[in-house]
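Each chain, written out:
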Amino acid sequence: MHLILYSKPECHLCEGLQEKLAQILSTHQELSLEVRDITLQEDWWQAYQYEVPVLFLHSDDGRSLPLPRPSPRATVSQIQQMLQKYVNHHEAE
């Protein structure tokens, strides 16, 4: 499974979520993270300029699932639980 985080420079919400995801991924080798800077592609900018951070779960078979944005106050543990819920659901489909 692969996580895609749409982000932009100087976005403190994006940076905070990225740091928490990095902590989670350090112990979960089955997940990887790709950070996409929305300022680099016009279609990303148009889609997410008012929404970042935006997180997607992308499976090996090409399916993508948008994930709800965690609260900036969410702990690493809470984000990990949310991810596990969606990974399990995505794998069951």
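Residues numbered from 1 in each chain as written. Predicted model: local features only at pLDDT ≥ 70, side-chain atom pairs only at ≥ 80, totals over all residues. Heavy atoms only, no water.

1. Let's talk about the confidence of the model for the protein chain
Applicable threshold: Every residue gets a pLDDT, meaning the predictor's confidence in that residue, from 0 to 100. Per the convention used, a helix needs a DSSP run of H or I reaching at least four residues, while a strand needs a run of E reaching at least two, with both numbered from the N terminus.
For the protein chain, per-residue confidence averages 91 on the pLDDT scale, and 96% of positions sit at 70 or higher. Within the protein chain, the element-level pLDDT minimum falls on helix H3 (residues 76–92), averaging 85, and the maximum on helix H2 (residues 42–48), averaging 97.

2. Let's talk about the sheet that holds strand E2 (residues 32–37)
Put simply, the rule is: The pairing criterion is simple: DSSP has to find at least two bridges between the two strands. Note on method: axes are straight lines fitted to C-alpha atoms, helices fitted across the in-contact stretch only, with angles between N-to-C directions ranging 0 to 180 degrees. Two residues qualify as a contact provided that any one of their heavy atoms is within 4.5 Å of a heavy atom in the partner residue.
Sheet architecture is open: four strands sit in the order E2-E1-E3-E4, paired in mixed fashion. Looking along the sheet, the strands with just one partner apiece sit at the ends: E2 and strand E4 (64–67). Along the sheet, successive strands turn relative to each other by an average axial angle of 25°, direction set aside. Sheet analysis places strand E1 (residues 2–7) next to E2, joined by six bridges and oriented parallel. Across the sheet, the residue bridging to Leu 5 is Val 35, located in E2. Running at roughly 165° to E1, helix H1 (residues 12–25) makes contact with E1, E2 and strand E3 (54–58) of the sheet.

3. Let's talk about H1
The condition that has to hold: Here the expected span of a helix is defined as 1.5 Å times the quantity of residues minus one. Per-residue accessibility, obtained with a 1.4 Å probe over protein chains only, is compared with the maximum for each type, and a residue is labelled buried under 20%, exposed over 50%, and partly exposed between these values. Note that the arc is defined by the directions from the helix axis to the C-beta atoms.
The end-to-end C-alpha distance of H1 is 20 Å, a good match for the 20 Å that 14 residues give at a rise of 1.5 Å each. Those residues of H1 not exposed but buried are Cys 14, Leu 17, Lys 20, Leu 21, Ile 24 and Leu 25. Seen end-on, H1 carries its buried residues on one side only, within an arc spanning 135°. Turned more than 90 degrees away from the buried face of H1, the exposed residues are His 12 and Glu 19.

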